[in-house]
Amino acid sequence: MMPDNRSTVLVIDDTPANLSLLNQLLREHYRVKLANSAPRGLALAEAAPPDLILLDVMMPEMDGYDVCRALKANPATAGVPVIFLTAKTETSDEELGFELGAVDFIHKPIAPSIVLARVRTHLQIKVWQTFLEDQSAWLQGEVDRWVNEVLQLQEASIRVMVSLAEFRDECTGNHIRRTQTYVRLLAEYLSRQPRDTAFLTAEHIDQIAKAAPLHDIGKIAIPDHILLKPGRHTVEEFEIMKTHCVKGENMLARTRREMGEGNLMLLFASQIARSHHERWDGTGYPDGLAGEEIPLSARLMAVADVYDALRSRRPYKAPFSHEEAIAMVVEQRGRHFDPALVDALQAMADEFQRIATQLADEDPDHPLSE
């Protein structure tokens, strides 16, 4: 037996003669379901949504308008086109029907040719609507897939950039992971405080944390004899070293132009790269910014970076303990660092200690490897 692929039309009318007439008229072209009451019609429609509903307006218990309201309120039947069958001819009645979501009106007594033409037209419209919705869903899926591929490519490119900076610096990959985690912890804490709660949305926190590994990307452009010098730098060498902030911001600005100015992560990365050596009191570099002139993303990075640098061994210094590092950051509250961020560090001190231990460098002589 061949499957019946014809469209299904549900007729809801409390008058048996009307049901019989419409069944005879439609059954040659469509599968027809009949309901002699509003509750019966709603039950049939929900159990197996038809392709179109012919709905009488004047019925006991629930009139056609109430039925239409119920159909449109149910996600399973909201998209089914409804044509009202009515003896009412007032413009206000039709206006109400269209407001409720009906697609057409057929006035009684019905003309068979008009009924068939209206039903055929609205079923064709529904077929095209379904096709367009399917195409839209497919296109959205393709867009999502391409966007995901672009994001993966961006993240891969960023990982390469970070790796290049790591290879040319004394810092390890774990330094990158630790500072990124510290930045996220500080940002999440500040997001619960009145001053920064509006800015530090979940999306902004995530993008700032993703941007944090690029804070020293400008060191790629620093000559090896300065970048890799085992001892302290001369004044002249330090001036060259300081240029990594502007160089990093310039690199990221070019990347933003190529990937799109609306890329939030690259915007935060540019801010961090340029301004993470600025100081709250205005004595930092490269621009001498002070207070909230310094982007919050860079202020977050400054605390995370200095804490980790204090805890880490360098060719020119021994590492400090967790307690010593916290005390040294606190001592610079309101001078080097945003006071609110120092308060956040103190509140999150145990978490910082846990991350420092969990992501310790692999060097067995490193203090965080104990």
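Anyway, here's the lowdown on the structure attached to this text. Note that the coordinates shown come from a computational prediction; the quantities given were computed from them, not determined experimentally.

### Topic: the environment of Ala273
Position of Ala273 among the secondary structure elements: in helix α11 (residues 264-275). Note: C-alpha distance between Ala273 and Gly334 (61 residues apart in sequence) is 22 Å. Not counting residues within four places of it along the chain, the set of residues in contact with Ala273 comprises Leu214, His215, Cys245, Gly248, Glu249 and Leu252.

### Remarks on the side chain of Arg299
Within the secondary structure layout, Arg299 lies in helix α12 (residues 296-311). Assessed through its relative accessible area of 9%, Arg299 is described here as buried. A polar contact is formed between the side chain of Arg299 and the backbone oxygen of Ile294, at a distance of 2.9 Å.

### Focus: the packing of aromatic side chains
Using the criterion set out here, one finds 9 aromatic pairs in the structure. Relative to Tyr285, the ring of Phe238 has its centre 6.1 Å away and its plane inclined at 85°; by these criteria the two rings are edge-to-face. Taken together, the residues span a long stretch of sequence, with Phe238 in helix α9 (residues 235-242) and Tyr285 in the loop between α11 and α12 at a distance of 47 residues. For Phe238, a relative accessible area of 37% puts it in the partly exposed group. Measuring from centroid to centroid gives 5.2 Å for Tyr307 and Phe352, while their planes differ by 80°, and the two rings are edge-to-face. With a gap of 45 residues between them, Tyr307 in helix α12 and Phe352 in helix α15 (residues 349-358) connect regions that are remote in the sequence.

### Some points on a nonpolar patch on the surface
On the surface, Trp128, Phe131 and Leu132 cluster together to form a nonpolar patch covering roughly 370 Å² of accessible area. Relative to the assigned elements, Phe131 resides in helix α5 (residues 112-167).

### Observations concerning empty space enclosed by the protein
Using the criterion set out here, one finds 2 cavities of 30 Å³ or more in the structure. Empty space within the second largest cavity amounts to approximately 50 Å³. Glu278, Trp280, Ile294, Arg299, Ala302, Val303, His336, Phe337 and Asp338 together form the lining of the second largest cavity.

### Details of the pairing of strand β1 (residues 8-12)
Counting buried positions along β1 yields 5 of 5 residues, so the element is predominantly enclosed. Of the two faces of β1, the one carrying Thr8, Leu10 and Ile12 and the one carrying Val9 and Val11 are both buried. Two strands pair when backbone bridges link them, and β1 and strand β2 (residues 31-35) are joined in this way by 5 bridges, in the parallel orientation. In the sheet register, Thr8 faces β2, and the bridge partner there is Arg31. One crossover worth recording links β1 to the parallel β2 by way of helix α1 (residues 16-26), and it is right-handed. Of the strand pairs in this sheet, β1 and strand β3 (residues 52-56) are connected by 4 bridges, and their pairing is parallel. For Val11, the partnering residue across the bridge sits in β3 and is Leu54.

Conventions used here
Residues numbered from 1 in each chain as written. Predicted model: local features only at pLDDT ≥ 70, side-chain atom pairs only at ≥ 80, totals over all residues. Heavy atoms only, no water. Helix = DSSP H or I, 4+ residues; strand = E, 2+ residues; numbered from the N terminus. Contact = heavy atoms within 4.5 Å. Buried < 20%, exposed > 50% of the residue type's maximum accessible area, 1.4 Å probe, protein only. Polar contact = N/O pair within 3.5 Å; in protein donor to acceptor, adjacent residues only side chain to side chain. Phe/Tyr/Trp six-rings, centres within 6.5 Å; stacked < 30°, edge-to-face > 60°. Patch = residues over 30% accessible without salt bridge, like charges linked within 9 Å, V, L, I, M, F, W, Y side chains within 5 Å. Areas by Shrake-Rupley, 256 points an atom, 1.4 Å probe, with all protein chains shown as cover. Salt bridge = Lys/Arg side-chain N within 4 Å of Asp/Glu carboxyl O. 1 Å grid on protein atoms, 1.4 Å probe; cavity = no way out; pocket = protein on both sides within 12 Å on 5 of 7 lines; lining within 4 Å. Points joined across faces, edges and corners; volume = space filled by probe spheres on them. Pairing = 2+ DSSP bridges. Right-handed = clockwise from strand over helix to strand, strands pointing away.

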